Amino acid sequence: MTEEQVVKALGALAHPLRLQVFRALVVTGRAGLTPGVIQDGLGVPATTLSFHLKELAAAGLVTIERSSRSLIYRAAYDQMNGLLGYLTDNCCSGAGCAVQPDAATACGC
């Protein structure tokens, strides 16, 4: 990932509602969610959710697929992993981190 992409992704995740939406999509997995399901789960107005989904999509953190008359939003795991890799690439000044067994990207320094 480029530094510009990282800044854009972190900026998108820097809003509480967008972070909640992204986490819901990550937890759901490859099946994804429709905006209606996300809206019901988080209790937000449709227009608010639409705005935040567009921000996540613009940052490359979610993908959108049209399925008949519905939109399916999914977490872009490649982008998420790229972001985590960028953030942990120079962890511990290159001294070899002790990775936590339950979190592959955790820095143990």
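Scroll up to find the structure.
Reference entry: report on the structure contained in this document.

Reading the values: the criteria
Residues numbered from 1 in each chain as written. Predicted model: local features only at pLDDT ≥ 70, side-chain atom pairs only at ≥ 80, totals over all residues. Heavy atoms only, no water. Axes fitted to C-alpha atoms, helices over the stretch in contact; angles between N-to-C directions. Helix = DSSP H or I, 4+ residues; strand = E, 2+ residues; numbered from the N terminus. Parallel < 35°, antiparallel > 145°, perpendicular 65-115°, else oblique. Left-handed = near helix turned anticlockwise from the far one by under 90°. Contact = heavy atoms within 4.5 Å. Nonpolar A, V, L, I, M, F, W, Y, C, P; charged D, E, K, R; others polar. Patch = residues over 30% accessible without salt bridge, like charges linked within 9 Å, V, L, I, M, F, W, Y side chains within 5 Å. Areas by Shrake-Rupley, 256 points an atom, 1.4 Å probe, with all protein chains shown as cover. Salt bridge = Lys/Arg side-chain N within 4 Å of Asp/Glu carboxyl O. Buried < 20%, exposed > 50% of the residue type's maximum accessible area, 1.4 Å probe, protein only.

## Comments concerning the packing of helix α3 (residues 35-42) against helix α4 (residues 46-58)
Then, number 1: Direction vectors running N to C along α3 and α4 enclose 115°, while the axes themselves pass 10 Å from each other. Considering the angle they form, α3 stands roughly perpendicular to α4. In this structure, the crossing between α3 and α4 has a hand that is right-handed. Counted together, Pro-35, Ile-38 and Gln-39 of α3 and Ala-46, Leu-49 and Leu-53 of α4 form the full contact between these two elements.
Then, number 2: Grouping the amino acids of the contact of α3 with α4 by side-chain chemistry returns five nonpolar, one polar and no charged.

## Description of a nonpolar patch on the surface
Then, number 1: A grouping of Met-1, Leu-10, Tyr-86 and Leu-87 is seen on the molecular surface, where their side chains present a nonpolar patch of about 330 Å² in accessible area.
Then, number 2: With respect to the helices and strands, Leu-87 occurs in helix α5 (residues 77-88).

## Describing the environment of Gly-41
Then, number 1: Of note, Gly-41 is situated in helix α3.
Then, number 2: The exposure class of Gly-41 is exposed, given its relative accessible area of 64%.
Then, number 3: For the pair Gly-41 and Val-21, spaced 20 residues apart in sequence, the C-alpha to C-alpha distance is 9.5 Å.

## Observations regarding the pattern of salt bridges
Then, number 1: Within this structure, the stated rule accounts for one salt bridge.
Then, number 2: Two residues, Arg-74 and Glu-65, come together in a salt bridge whose shortest N-O distance is 2.6 Å.

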